[in-house]
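Secondary and tertiary structure notes
Now for the letters of each chain:
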Amino acid sequence: MAHLSTHNEALLKRVRRIAGQVEAIERSIAAHADCADTLHLVAATRGAINGLLDEVVEAHLREHVARPGLDDAARAQGAQEVIEAIRRYSK
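Here, residues in each chain are numbered from 1, in the same order as that chain's written sequence. Residues qualify for local features only when their pLDDT is at least 70, as the model is predicted, and side-chain atom pairs are given and counted only at 80 or more; totals for whole chains, interfaces and linings, by contrast, use all residues. The basis for the side-chain values is all heavy atoms of the structure; hydrogens and waters are excluded.

Notes on the overall build of the protein
Within the protein, the regular secondary structure consists of three helices and zero strands. Computed over its C-alpha atoms, the radius of gyration of the protein comes to 17 Å, more than 25% above the 12 Å expected for a compact globule of 91 residues. If one aligns the C-alpha atoms of the protein with their principal axes, the spans along those axes are about 55 × 30 × 15 Å. Classification of the 91 residues of the protein by burial places 18% in the buried group. When checking whether two residues touch, look at their non-hydrogen atoms; a contact exists if any pair is within 4.5 Å. Of all intrachain contacts in the protein linking residues separated by at least 6 positions in sequence, the fraction that spans at least 24 positions is 49%. Accessible area of the protein: about 6700 Å², with a carbon and sulfur share of 60%. His is not counted, nor are the chain ends, whereas Lys and Arg count as positive and Asp and Glu as negative. Think of each charge as sitting on NZ of Lys, CZ of Arg, CG of Asp or CD of Glu. Each charge class in the protein can be summarised by its mean position, and for the 12 positive and 13 negative side chains these summaries are 1 Å apart. A helix here means a DSSP run of H or I that spans at least four residues, while a strand means a run of E at least two residues long, and both kinds are numbered starting from the N terminus. For this measure, only C-alpha atoms enter the radius of gyration; the expected value for a globule follows 2.2 Å times N^0.38, where N is the number of residues. Throughout this description, buried means an accessible area under 20% of the type-specific maximum (1.4 Å probe, protein chains only), exposed means over 50%, and partly exposed covers the range between. Residue exposure ignores everything except the shown protein chains as possible cover, and the areas themselves are Shrake-Rupley values with a 1.4 Å probe.

So, the pattern of salt bridges
Each reported salt bridge corresponds to a side-chain nitrogen of Lys or Arg within 4 Å of a carboxyl oxygen of Asp or Glu. Under the counting rule described, the total for this entry stands at five salt bridges. We note a salt bridge from E9 to R16, for which the minimum N-O separation is 3.8 Å. Of the residues examined, E9 reaches a relative accessible area of 47% and is grouped as partly exposed. Residue E55 pairs with R14 through a salt bridge whose shortest N-O separation is 2.4 Å. Taken together, the residues E55 in helix α2 (residues 35–64) and R14 in helix α1 (residues 8–30) connect sequence positions 41 residues apart. You can call E55 partly exposed: its relative accessible area is 26%.

Looking at the packing of α2 against helix α3 (residues 72–90)
Orientation of α2 relative to α3, taken along the N-to-C sense of each, is 165 degrees, at an axis distance of 9 Å. Between α2 and α3, the angle is such that the two are roughly antiparallel. Once α2 is placed against α3, the crossing between them reads as left-handed. Residues N50, L53, V57, H60, L61 and H64 of α2 pack against A74, R75, G78, E81, V82 and Y89 of α3. Only the contacting stretch of a helix is used when fitting its axis, a line to C-alpha atoms as for every element, and angles between N-to-C directions run 0 to 180 degrees. Roughly parallel means an angle under 35 degrees; roughly antiparallel, over 145; roughly perpendicular, 65 to 115; everything else is oblique. We call a crossing left-handed when the near helix sits turned anticlockwise from the far one by less than a right angle, and right-handed when that turn is clockwise.

Things to note about α2
Given a helix with a known number of residues, its expected span is that number minus one, times 1.5 Å. When the terminal C-alpha atoms of α2 are compared, their 42 Å separation across 30 residues agrees well with the 44 Å that a helix rising 1.5 Å per residue should span. The elements touched by buried residues of α2 are α1 and α3. We define a polar contact as two N or O atoms separated by no more than 3.5 Å, with the added condition that, inside protein, one atom must be a possible hydrogen donor and the other a possible acceptor, whereas residues neighbouring each other in sequence contribute only through side-chain atom pairs. Looking at where α2 begins, the residue whose side-chain oxygen comes 3.2 Å from the main-chain nitrogen of A36 is D34.

Focus: the confidence of the model for the protein
Detail in the predicted coordinates should be disregarded across regions flagged by low pLDDT. The score called pLDDT rates the predictor's confidence residue by residue, from a low of 0 to a high of 100. Residues at a pLDDT of 70 or more form 93% of the protein, whose mean pLDDT is 92. Per-element averaging of pLDDT across the protein places α3 at the bottom with 93 and α1 at the top with 96.

So, unusual backbone geometry
The phi torsion at H32 lies on the positive side, around 55 degrees, for a residue other than glycine. You can see H32 is positioned in the loop between α1 and α2.

As structure tokens, this is what we get:
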């Protein structure tokens, strides 16, 4: 995904924040924290992951489906990759 390199640092920061959120979930469970607090952490992490997914899907669509100059085969391949990712995500 070389096209992500233009946003690489921002994406890495997002991933690191998500990693911190996952670590907070782990600490919460290990400490037998209140269920509501743990649920809040999980929901916030899911939201962060969804935001990251949105950004990566958008970058993929712009580069591998909508970019001018792509031939039909490349466009179809890019679209198929997004379809497969959405199917996996929606399970």
